[in-house]
There are 4 protein chains.
Amino acid sequence: MSLQSSAKDQLRTIVSRIERLEEEKAALATDLREVYAEAKGNGFDVKALRTVIRLRKLDETKRREEEAILETYLHALGMDKVEPEGESEAA
Amino acid sequence: MSLQSSAKDQLRTIVSRIERLEEEKAALATDLREVYAEAKGNGFDVKALRTVIRLRKLDETKRREEEAILETYLHALGMDKVEPEGESEAA
Amino acid sequence: MSLQSSAKDQLRTIVSRIERLEEEKAALATDLREVYAEAKGNGFDVKALRTVIRLRKLDETKRREEEAILETYLHALGMDKVEPEGESEAA
Amino acid sequence: MSLQSSAKDQLRTIVSRIERLEEEKAALATDLREVYAEAKGNGFDVKALRTVIRLRKLDETKRREEEAILETYLHALGMDKVEPEGESEAA
DNA sequence: CTGCCATTTTACCGGC
DNA sequence: GCCGGTAAAATGGCAG
């Protein structure tokens, strides 16, 4: 056998965890599909709906990209790693 | 405005539900990535692991069909029946 | 043999065409790498550069998404399929 | 402004060159997609075709290593040596 | 049944 | 030289 018995156990555990998580994800995908189907039943255009969702996600992506490049520039200028100046929690 | 206010409320609700579900899905995707990362840290080959997961959910019949087609193509190209220990040079 | 000899020839042709195109693509990837390397040599921050490129692509993506949703709405209102009235692109 | 005007010009040049190369790459990607689509239209199994291409560029040694690891995992999970003609259902 | 879109997987590139 | 992250390719699922 090429795997120690402990490794085999580990492998089985890993596989189980993965399959469990994938099941949950699949369940959410089903929920999503149902929401779209229901929306369609109420007269909404599903394609437009999807486009709206995509646009909203795109806005967020762009916002993050802009922050990323700002940080890169600050870094290039040696101005990054500035401490947030005050914590929200009691340090 | 082209949407009745009740339709607008419905739309908002739908968008919220969808984005909520997508967030949860994203969280699961993160968990999954962590499991793979942890497995890798414990010395497992992530790519092989993914293949195992894939094979486990692949119906046996489909699996054989896929293999059969692949073999046909490899054969047509003279790439099948690779000698188990042969050398590539000076054939 | 499971493939007609004409099919075998077709297969070989297809494989050749694909491999040729992939070679060309790989060559372009090399060129790209060189451009980045040269830029780095001239003092540019490669990471920032990549982010700039990404942002510019994102802008275009968003523009397209916006057009897509506009079209969807026009379609929903029965106003689509309007002939382009000459050429639309360029500038 | 934080960049000398010469640097700005350089930057513009670099960005142009990169975007030009990426355009060409995208064009090749389109060509590739068309070849696969055409092959599909002629009755070839695209997935298998892709596998063939992949195997052709995979070094033989690496190929064997990958297979060996996969088999080890399948064995550990009791999934190896699938009987060549067994039925899963009681016909 | 086909085509399109989203997701997932793979490979590359840069940084440590 | 290895690891992590980012972008590209590929597969699978959904809608029309």
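Notes on the structure in this doc start here. Remember, predicted model here, so these are calculated numbers, not experimental data. (Residues numbered from 1 in each chain as written. Chains lettered and ligands numbered in written order. Predicted model: local features only at pLDDT ≥ 70, side-chain atom pairs only at ≥ 80, totals over all residues. Heavy atoms only, no water.)

### Comments concerning the side chain of C:E65
To keep things clear, this is the line we draw: Helix and strand assignments follow DSSP, with helices taken as H or I runs no shorter than four residues and strands as E runs no shorter than two, numbered in order from the N terminus. Note on exposure labels: buried denotes an accessible area under 20% of the residue type's maximum, exposed denotes more than 50%, and partly exposed covers the range between, all computed with a 1.4 Å probe on protein chains only. For this analysis, a polar contact is any N or O atom pair within 3.5 Å, provided that within protein one partner can donate a hydrogen and the other can accept it, and provided that sequence-adjacent residues contribute only side-chain to side-chain pairs. Throughout, a contact is declared for two residues whenever any of their heavy atoms are within 4.5 Å.
Within the element layout of this structure, C:E65 appears in helix 2 (residues 46-76). Among the residues examined, C:E65 registers a relative accessible area of 13% and is labelled buried. There is a polar contact of 2.8 Å between the side chain of C:E65 and the side chain of A:R54. When sequence neighbours within four positions are dropped, the list of residues in contact with C:E65 reads A:T51, A:R54, A:L55 and A:L58.

### Describing the protein's contact with DNA strand F
Definition in use: Residues are labelled near a given molecule or strand when at least one of their non-hydrogen atoms is within 4 Å of it. Throughout this entry, Asp, Glu, Lys and Arg are counted as charged residues, while Ala, Val, Leu, Ile, Met, Phe, Trp, Tyr, Cys and Pro are counted as nonpolar. The remaining residues, Gly among them, count as polar.
Around DNA strand F, a shell composed of A:R33, A:K40, A:R50, C:K25, C:R54, C:K57, D:K47 and D:R50 is seen. The sugar and phosphate moieties of DNA strand F supply 100% of its atoms located within 4 Å of the protein. At 3.3 Å, a side-chain N or O of D:K47 approaches a phosphate oxygen of DNA strand F. Put simply, the parts of the chain that give the surface near DNA strand F at least two residues each are helix 1 (5-41) of chain A, helix 2 of chain C together with helix 2 (46-57) of chain D. Looking at side-chain class alone, the surface near DNA strand F contains no nonpolar, no polar and eight charged residues.

### Notes on the packing of helix 2 (residues 46-57) of chain B against helix 3 (residues 60-76) of chain D
The condition that has to hold: To get an axis, a line is fitted to the C-alpha atoms, and for a helix only the part in contact is used. The angle between two axes follows their N-to-C directions and goes from 0 to 180 degrees. Every angle not falling under 35 degrees, over 145, or within 65 to 115 is termed oblique; those three ranges are roughly parallel, roughly antiparallel and roughly perpendicular. Whether a crossing is left-handed or right-handed is set by the direction in which the near helix is turned from the far one by less than a right angle, anticlockwise for left-handed and clockwise for right-handed.
Contact pair helix 2 of chain B / helix 3 of chain D: the axes reach a minimum separation of 9 Å and the direction vectors enclose 55°. By the angle class used here, helix 2 of chain B and helix 3 of chain D are oblique. Helix-helix and strand crossings are classified by hand; for helix 2 of chain B and helix 3 of chain D the assignment is right-handed. Along the contact surface, helix 2 of chain B presents B:K47, B:A48, B:L49, B:T51, B:V52 and B:L55, while helix 3 of chain D presents D:E66, D:I69, D:L70, D:Y73 and D:L74. Grouping the amino acids of the contact of helix 2 of chain B with helix 3 of chain D by side-chain chemistry returns eight nonpolar, one polar and two charged.

### Remarks on the interface of chain C and chain D
Selection criterion: Counted as salt bridges are all cases of a side-chain nitrogen of Lys or Arg within 4 Å of a carboxyl oxygen of Asp or Glu.
Contacts between chain C and chain D engage 26 residues on the former and 26 residues on the latter. Where chain C packs against chain D, one counts six salt bridges. A salt bridge links D:E22 to C:K57, with the nearest nitrogen and oxygen atoms 3.7 Å apart. Sorting the residues of the side of chain C that touches chain D by element identifies helix 1 (5-41) and helix 2 of chain C as the ones contributing at least two each. If you tally residues by element for the side of chain C that touches chain D, the top one is helix 1 of chain C, at 20 residues.

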